[in-house]
Structures are given as C-alpha cells and as structure tokens.
Amino acid sequence: MTIFSYSTKVGFNKLTNQPLFVNDTADGKSFIVLNESQMKVLHYDGEIGYTLQEKFSLRAGFSLNHYMNLKDNARAYGLLPLELNASMRVQVLKDLYLTSDLFAWGGPQYRKQDGDHAQQKGAFDLNAGLDFQITKNLKVWSQFNNVFNRQYQRWNQYPVYGFNFVAGVIFAFDQKN
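Residues numbered from 1 in each chain as written. Predicted model: local features only at pLDDT ≥ 70, side-chain atom pairs only at ≥ 80, totals over all residues. Heavy atoms only, no water.

S.K.: Could you give an account of the overall build of the protein, naming the residues involved and the relevant values?
M.R.: Broken down by element type, the protein carries 0 helices and 12 strands. Listed by position from the N terminus, the elements making up the protein come as β-β-β-β-β-β-β-β-β-β-β-β. What you see for the protein is a C-alpha radius of gyration of 21 Å, clearly larger than the 16 Å of a compact globule of 177 residues, by over 25%. Expressed as a percentage of its 177 residues, the buried residues of the protein come to 27%. Across the protein, every contact between residues at least 6 apart in sequence was considered, and the portion connecting residues at least 24 apart equals 53%. (Helix = DSSP H or I, 4+ residues; strand = E, 2+ residues; numbered from the N terminus. Rg over C-alpha atoms; globule rule 2.2 N^0.38 Å. Buried < 20%, exposed > 50% of the residue type's maximum accessible area, 1.4 Å probe, protein only. Contact = heavy atoms within 4.5 Å.)

S.K.: Could you give an account of the pairing of strand β3 (residues 56–68), with specific residues and numbers?
M.R.: Two elements, strand β2 (residues 31–52) and β3, share 13 bridges in a ladder whose sense is antiparallel. The residue bridging Asp45 from the neighbouring strand is Ser63, located in β3. Following β2, the chain reverses through 3 residues before pairing antiparallel with β3; Gln53 in that reversal takes a positive phi of roughly 50 degrees. The sheet contact formed by β3 and strand β4 (residues 82–93) spans 9 bridges and is antiparallel. Bridge pairing in β4 links Leu64 to Leu82. (Pairing = 2+ DSSP bridges.)

S.K.: Could you give me a rundown of the nonpolar core, with the residues and numbers involved?
M.R.: Membership of the largest hydrophobic core is limited to 8 residues, which are Leu20, Val22, Leu34, Met39, Val41, Ala76, Tyr77 and Leu79. Secondary structure elements with two or more residues in this core: β1 (2–23) and β2. (Core = buried A, V, L, I, M, F, W, Y, C linked by side-chain atoms within 4.5 Å.)

S.K.: Any details on the pairing of β4? Residues and values, ideally.
M.R.: Here β4 pairs with strand β5 (residues 96–105) via 10 bridges, running antiparallel. Counterpart to Glu83 in the pairing with β5 is Trp105. Linkage of β4 to β5, two consecutive antiparallel strands, is achieved through a turn of 2 residues.

S.K.: So what's going on with the sheet that holds β5? Residues and values would help.
M.R.: Pairing is antiparallel across the open sheet formed by 8 strands, whose spatial order is β1-β2-β3-β4-β5-β8-β9-β12. Every interior strand has two partners, whereas the edge strands, β1 and β12 (164–171), have only one. Strand-to-strand twist across the sheet, computed as the mean angle between neighbouring axes with direction ignored, equals 15 degrees. (Axes fitted to C-alpha atoms, helices over the stretch in contact; angles between N-to-C directions.)

S.K.: Before we move on, can you summarise the environment of Leu52 with the specific residues and values?
M.R.: By secondary structure assignment, the location of Leu52 is in strand β2. Assessed through its relative accessible area of 31%, Leu52 is described here as partly exposed. Placed 50 residues apart in sequence, Leu52 and Thr2 show a C-alpha to C-alpha distance of 4.5 Å.

S.K.: Explain the pattern of salt bridges to me, and be specific about the residues and the numbers.
M.R.: For the structure shown, the criterion picks out 2 salt bridges. For Asp95, the salt bridge goes to Lys94, with nearest N and O atoms at 3.7 Å. Classification of Asp95 as partly exposed rests on a relative accessible area of 27%. (Salt bridge = Lys/Arg side-chain N within 4 Å of Asp/Glu carboxyl O.)

S.K.: Describe in detail a nonpolar patch on the surface, supporting the description with residues and values.
M.R.: Residues Phe4, Tyr6, Ile48, Tyr50, Leu52 and Leu58 make up a contiguous nonpolar surface patch of about 610 Å² in total accessible area. Contributions of two or more residues to the nonpolar patch are made by β1 and β2. Among the elements that take part in the nonpolar patch, β2 stands out by supplying 3 residues, more than any other. (Patch = residues over 30% accessible without salt bridge, like charges linked within 9 Å, V, L, I, M, F, W, Y side chains within 5 Å. Areas by Shrake-Rupley, 256 points an atom, 1.4 Å probe, with all protein chains shown as cover.)

S.K.: Give me the lowdown on the packing of aromatic side chains, citing residues and values where you can.
M.R.: All chains considered together, the criterion is met by 11 aromatic pairs. Summarising the aromatic geometry, the rings of Phe4 and Tyr6 are spaced 6.2 Å apart at their centres and angled 40 degrees between planes, so their arrangement reads as tilted. What makes Tyr6 exposed here is its relative accessible area of 66%. When the ring of Trp105 is compared with that of Tyr152, the centres are 5.6 Å apart and the planes differ by 80 degrees; the resulting orientation is edge-to-face. Residue Trp105 is located in strand β5, and its partner Tyr152 is located in the loop between β9 (138–145) and β10 (153–155); the two are separated by 47 residues in the primary sequence. (Phe/Tyr/Trp six-rings, centres within 6.5 Å; stacked < 30°, edge-to-face > 60°.)

Put into structure tokens, the structure is as follows:
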C-alpha cells in the first residue's frame, strides 16, 4: 500500500502564564523561569509524508511561530521561532532498516548577563541508525547522533554533545506470532 499524506495549519493563540527560560545572572549556567502573563502567537505548521508499504517512509515538516504582544518580558526567551524536521526509514534487507532524522531550527532569543537580549544561532542536526530483527523476540539497534559533529546550543550556554553513538538489544517476551 502506498500512502501520501499532508497537513497544514494556521493558528492565532493567546497564551497565559507561559514559562520562559533565562540564564541566571549569578553563574549563567542555571535557569530562572520567568512567567509571561499573556502573549499572542501566530503559528504556521505543515507536514508532508510518503509511505510505501513497510519498505520506505519519508516525512518532513515545519513550524513557524511569531511571538507578539508580550506584557511582562522583552522577548519570548527560549521559544523557537522556526523548526524544521524530517525523518526517513528504508528497508535495506528483509529484517534490516536504515533510519535517519534531521532537525533544524532558528535560534531562540536569550537574555545576556547584563540584561540585554540576543538571538542564538540556528542549528542543524542529522542522526542515522540501523535496526535489525534477528528473531521475532530479539532485535539489535544502533544510532549515530550529530553525524556532522556540529557545535550548537538549544539553550543558551548549554552546548550539545558532538558526534555520539548508542546501541542496544531489545528482547520481547511472549511473542505469539
């Protein structure tokens, strides 16, 4: 079966008591949660997908947010204005699948130690993995994160790990197939 899917949304929201995260000015490495009593968000969202049986799937999406009319804070600290994502799953052999995920976003606003504000740089992160079903009860998997070893920060002064690798074994009890 082949499936093609898509969706799109446009919304205008009024948020109350929205938490915003800013670095503590004492050390810069911990967060203070600020409360934004009221703000408005114009939101655009879209997604497209394609699936071919269990052999191939591809999905891509975006989310765009415009934060405005903040009453208590100068900026929407820590909230992402733009997010892009994509994922793919391909059957390479009968029981072997290749997976990948792509994440990208525009940098959020943050507050500096002197009280001024700035915007972080955007980010781009690619992950890839393999899943292999050995028996109906036993699966092994691996995942390679931040494949291009990019240095970025989702939260101000909290850099992400560079390239890293994880793997595991899954054993499922009582499979009745």
